[in-house]
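Working through the structure, step by step
Residue strings, one per chain:
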2 protein chains.
Amino acid sequence: MEKKDPDLCKVENTLHILIGKWKPLIIMHLMFGGTKRFSDLQRALAGITTKTLTTQLRELEEQEIILRVVYPVVPPRVEYSITEYGMTLQPVLHLMHEWGNAHLERQLNKEQSTFNNNQ
Amino acid sequence: MEKKDPDLCKVENTLHILIGKWKPLIIMHLMFGGTKRFSDLQRALAGITTKTLTTQLRELEEQEIILRVVYPVVPPRVEYSITEYGMTLQPVLHLMHEWGNAHLERQLNKEQSTFNNNQ
DNA sequence: ATATAAAGTATCTTTAAAGATACTTATAGG
DNA sequence: CCTATAAGTATCTTTAAAGATACTTTATAT
């Protein structure tokens, strides 16, 4: 990027962590809501299936963004939390949030002015 | 995010702009390489098909991230460039690049230590 | 009259992500 | 001994993104 060589672009690395319909939401729930159980997350992410949630959590765990702790009890108890490393994503997510918010407002304004022009 | 309400999370707005196997690369080419013709981009993004390139460019144009200028000549000449608004993505991409780069190095170190442990 | 060039369209096929649904496991409590 | 419970698996189907390939347009140079 500094060398103006897009082949050296590492943006995809970050994108790869974040891509997945539910991943940003999962990360933010754990980042700001603290430790959560599987069923807590499933409740919070209304509409996600167990299979999808499992897949997303396993991928995030593999990347060491989240931690999975299993308590050997019956019925099972599994707790998910953000790792220290996962927390390093916070500034990135924050900036993306800011830009995304501004982008949304821009789009609303655009629609509004289209509406006005059609009056 | 500030209110710790992930439903208000706007990260997806940004992600939506960036998602697409080639979009970050297209944006960065135009952001750092300046105005480019369709065929320039196709050459730069080795392996992309015309259909895919067209789709990605049209979506970015629709979001006003890039500008498409058609010169009415034969054979056609079409130039793509980043918009002023598109340039506002630069800090976001920069941070994503930094994090992605660090993440890559971390993964390489991890592999290295696995290798050492297996010696 | 024909071939060429740039920037696409139009279709069809492949692949990957996500969703729906049913099943499993092991034990504590009634 | 039967049931309920949490955290999943296992399969199958749907949907969306991307890729492959062939075709189109039209003024100009040959």
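Just so we're clear, the structure is a prediction, and the values are computed from it rather than from any experiment.

**Quick look at the interface of chain A and chain B**
Accessible area lost when the parts come together is the quantity often used to give the size of an interface. Contacts between the two partners involve 45 residues from chain A and, on the opposite side, 45 residues from chain B. Both sides of the chain A and chain B interface together cover about 4400 Å² of buried area, and 68% of this is carbon and sulfur. Across the contact surface, chain A and chain B share four salt bridges. Among the salt bridges present, the one from K110 of chain B reaches E64 of chain A, with a minimum N-O distance of 2.9 Å. Between chain A and chain B we count 18 residue pairs in polar contact (both at pLDDT 80 or more) in total.

**So, the relation of the copies chain A and chain B**
If you rotate chain A by 180° and push it 0.0 Å along the axis, it lands on chain B with an RMSD of 0.0 Å. Both copies of the chain, as the preceding transformation shows, are related through a two-fold rotation axis. Both copies share a contact surface, since 100% of the interface residues of chain A are interface residues in chain B too.

**Some details on empty space enclosed by the protein**
Throughout the structure, instances matching the rule amount to one cavity of 30 Å³ or more. The space that makes up the largest cavity amounts to roughly 30 Å³. Taken together, E62, Q63, E64 and Y85 of chain A together with H103, R106, Q107 and K110 of chain B make up the lining of the largest cavity. Take the lining of the largest cavity: its biggest share by element is four residues, from helix α6 (residues 90–117) of chain B. Each residue belonging to the lining of the largest cavity can be placed in one class, and the counts come to one nonpolar, three polar and four charged.

**A closer look at the environment of N13 of chain A**
Relative to the elements of secondary structure, N13 of chain A occurs in helix α1 (residues 11–18). Remark: the alpha-carbon pair of N13 of chain A and L30 of chain A, spanning 17 residues in sequence, is separated by 21 Å. Leaving out residues up to four positions away in the same chain, N13 of chain A has contacts with G100 and L104 of chain B.

**A word on the domain arrangement of chain A**
Residue and element names in this part refer to chain A. In terms of domains, chain A is made up of domain 1 (6–86) and domain 2 (89–119). The gap between the C-alpha centroids of domain 1 and domain 2 is 27 Å. Of the roughly 590 Å² buried at the junction of domain 1 and domain 2 (both faces included), carbon and sulfur atoms supply 86%. Counting across the domain 1 and domain 2 interface gives zero salt bridges. Taken together, the links from domain 1 to domain 2 amount to one residue pair in polar contact (both at pLDDT 80 or more). At the level of secondary structure, the elements contributing two or more residues to the side of domain 1 that touches domain 2 comprise α1, α2 (23–33) and α5 (84–87). In terms of residue count, the dominant contributor to the side of domain 1 that touches domain 2 is α2 (four residues).

**Digging into helix α4 (residues 50–62) of chain B**
Residues and elements named next belong to chain B. The end-to-end C-alpha separation of α4 is 18 Å, in line with the 18 Å expected for 13 residues at 1.5 Å each. All of the buried residues along α4 are L53, Q56, L57 and L60. Angularly, the buried residues of α4 cover 95° about the axis, an arc narrow enough to put them on a single face. Facing away from the buried surface of α4 by more than 90 degrees, the exposed residues are K51 and E62. The inward-facing, buried residues of α4 abut α1 (11–18), α2 (23–33), α3 (38–44), β2 (66–71) and β3 (77–82).

So, how was this worked out
- Residues numbered from 1 in each chain as written.
- Chains lettered and ligands numbered in written order.
- Predicted model: local features only at pLDDT ≥ 70, side-chain atom pairs only at ≥ 80, totals over all residues.
- Heavy atoms only, no water.
- Contact = heavy atoms within 4.5 Å.
- Buried area = accessible area lost by both parts, 1.4 Å probe.
- Salt bridge = Lys/Arg side-chain N within 4 Å of Asp/Glu carboxyl O.
- Polar contact = N/O pair within 3.5 Å; in protein donor to acceptor, adjacent residues only side chain to side chain.
- Least-squares fit on C-alpha atoms with pLDDT ≥ 70 in both.
- 1 Å grid on protein atoms, 1.4 Å probe; cavity = no way out; pocket = protein on both sides within 12 Å on 5 of 7 lines; lining within 4 Å.
- Points joined across faces, edges and corners; volume = space filled by probe spheres on them.
- Helix = DSSP H or I, 4+ residues; strand = E, 2+ residues; numbered from the N terminus.
- Nonpolar A, V, L, I, M, F, W, Y, C, P; charged D, E, K, R; others polar.
- Domains from an automatic or database assignment.
- Expected span 1.5 Å × (residues − 1).
- Buried < 20%, exposed > 50% of the residue type's maximum accessible area, 1.4 Å probe, protein only.
- Arc of directions from axis to C-beta.

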